[in-house]
Amino acid sequence: MNEYDSDYLAQSLLGKGIFISPSPNEADLIIINTCSVREKPEQKAVSQIGRMLSIKKRRPSIIVGAVGCVAQDKGTELMERFPGLDFVLGPRELHRIVGVIEELEKDRKRIVATDLKGRCRNPVVQPEYFSGRISGYISIMEGCNNFCSYCIVPFVRGREVSKPVPDIKREVEFLAAQNVRDITLLGQNVNSYSYYDGQGIVTLSSLLRSLDEIEDVWRLRFTTSHPRDLTDELIDCFGSVGKLCPHIHLPFQAGSNRILALMGRGYTREY
Ligand code: SF4
């Protein structure tokens, strides 16, 4: 998901004439995309922010920002700890990236944006960006409503929102046009995908069936799934959707009902 978000940011900025620098030492803008799924990546993200800000000590005119889950969870704390940090954007605020950079270029007033209520972002498509890649990711839903007792995701990615089907098709066709043949549909709880298209609810199963018809896509996958939302209809897709790879990431998490209850997973080993 973070890789997808980084590609989104890069494409948004490329569209505004900002190019990817070969090294942070030469960059005028440095964005650290952070992950807080476990303690270690969070610690790494914080030390990376410190390291990038040491470049700013040598070149004070550059803009440095942190985005993603650590930014969401600890935005204000990061701003207090790192006075050189220009902005923090949570995962649901990434669509604001171009506006934030433009504001900072005009006026160096620091920005913290961590609202979690937004819908899925509109796709950004930058020609040639994916050239040379055979596989690609598309986020089809964001957030999670499950609140497992050990997990931070609902607090840093917000509640579930599903991307409109036309936006997903547009992204798939865009990747296919750049010879990306193996596409993974992403979501924190991807098999709870649910979009009302004006006539009825589109589920992950029906979405897979319609993407199967896109000619230049060879392989489809999805991740990550919750066992409770694994419907018979979705299981049937492995036999009936020709391009769906025989592969599923399905975290059962534990084989003990006591542990599953403590984790708040909402199912038992018998289920
Ligand atoms: S279903 Fe997954 S993402 Fe959602 S709260 Fe549980 S572990 Fe976290």
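Residues numbered from 1 in each chain as written. Predicted model: local features only at pLDDT ≥ 70, side-chain atom pairs only at ≥ 80, totals over all residues. Heavy atoms only, no water.

**Focus on helix 4 (residues 97-106)**
Argument step 1. Turning to helix 4, its buried residues number three or more, namely Ile-97, Val-98, Val-100, Ile-101 and Leu-104. Along the axis of helix 4, the buried residues cluster in a sector spanning 165°; they form a single face.
Argument step 2. Buried positions along helix 4 lie against helix 1 (2-14), strand 1 (29-34), strand 2 (63-68), strand 3 (87-89) and strand 4 (111-113). (Buried < 20%, exposed > 50% of the residue type's maximum accessible area, 1.4 Å probe, protein only. Helix = DSSP H or I, 4+ residues; strand = E, 2+ residues; numbered from the N terminus. Arc of directions from axis to C-beta. Contact = heavy atoms within 4.5 Å.)

**Side note on the site of the ligand**
Argument step 1. Neighbouring residues of the ligand: Cys-144, Asn-146, Phe-147, Cys-148, Tyr-150, Cys-151, Val-153, Pro-154, His-226 and Arg-265.
Argument step 2. Grouping the constituent residues of the shell around the ligand by class yields seven nonpolar, two polar and one charged. (Near = heavy atom within 4 Å. Nonpolar A, V, L, I, M, F, W, Y, C, P; charged D, E, K, R; others polar.)

**What to know about the domain arrangement of the protein chain**
Many descriptions give the size of an interface as the accessible area lost when the pieces come together.
Argument step 1. Domain boundaries assigned for the protein chain yield domain 1 (2-113) and domain 2 (119-271).
Argument step 2. Relative placement of domain 1 and domain 2: their C-alpha centres are 27 Å apart.
Argument step 3. Each partner contributes to the interface: domain 1 provides 20 residues, whereas domain 2 provides 24 residues.
Argument step 4. Note on domain 1 versus domain 2: buried area summed over both sides is about 1,900 Å², and carbon and sulfur give 51% of it.
Argument step 5. For domain 1, the biggest contributors to the area lost against domain 2 are Tyr-4, Gln-11 and Arg-92; these three give 43% of the whole.
Argument step 6. Inspection of the region where domain 1 meets domain 2 yields four salt bridges.
Argument step 7. Here Asp-7 ties to Arg-133 by a salt bridge, and the two come within 3.0 Å at their closest N and O atoms.
Argument step 8. Across the domain 1-domain 2 interface, the total number found is 12 residue pairs in polar contact (both at pLDDT 80 or more). (Domains from an automatic or database assignment. Buried area = accessible area lost by both parts, 1.4 Å probe. Salt bridge = Lys/Arg side-chain N within 4 Å of Asp/Glu carboxyl O. Polar contact = N/O pair within 3.5 Å; in protein donor to acceptor, adjacent residues only side chain to side chain.)

**Focus: the sheet that holds strand 3**
Argument step 1. Taken together, the four strands give an open sheet; going across it, the order is 1-2-3-4, and neighbouring strands pair in parallel fashion. Both edges of this open sheet fall to strand 1 and strand 4, since each of them pairs with a single strand only. The average undirected angle you get between the axes of adjacent strands in this sheet is 15°.
Argument step 2. Bridge count for strand 3 against strand 4 is three bridges, and the pairing is parallel. Counted as the bridge partner of Leu-89 is Ala-113 from strand 4. (Pairing = 2+ DSSP bridges. Axes fitted to C-alpha atoms, helices over the stretch in contact; angles between N-to-C directions.)

**Re the environment of Ala-254**
Argument step 1. By secondary structure assignment, the location of Ala-254 is in the loop between helix 8 (232-240) and helix 9 (257-263).
Argument step 2. Between the C-alpha atoms of Ala-254 and Thr-268, which are 14 residues apart in sequence, the distance is 9.2 Å.
Argument step 3. Residues in contact with Ala-254, not counting those within four places in the same chain, are Ile-259, Leu-260 and Met-263.

**Examining the packing of helix 7 (residues 204-211) against helix 8**
Argument step 1. Look at helix 7 against helix 8: their axes get within 9 Å of each other, and the N-to-C directions meet at 20°. Between helix 7 and helix 8, the angle falls in the class roughly parallel. Handedness of the crossing formed by helix 7 with helix 8: left-handed. Here Leu-204, Ser-205, Ser-206, Leu-208 and Arg-209 of helix 7 come into contact with helix 8, specifically with Glu-233, Leu-234, Cys-237 and Ser-240.
Argument step 2. The residue makeup of the contact of helix 7 with helix 8, split by class, is four nonpolar, three polar and two charged. (Parallel < 35°, antiparallel > 145°, perpendicular 65-115°, else oblique. Left-handed = near helix turned anticlockwise from the far one by under 90°.)

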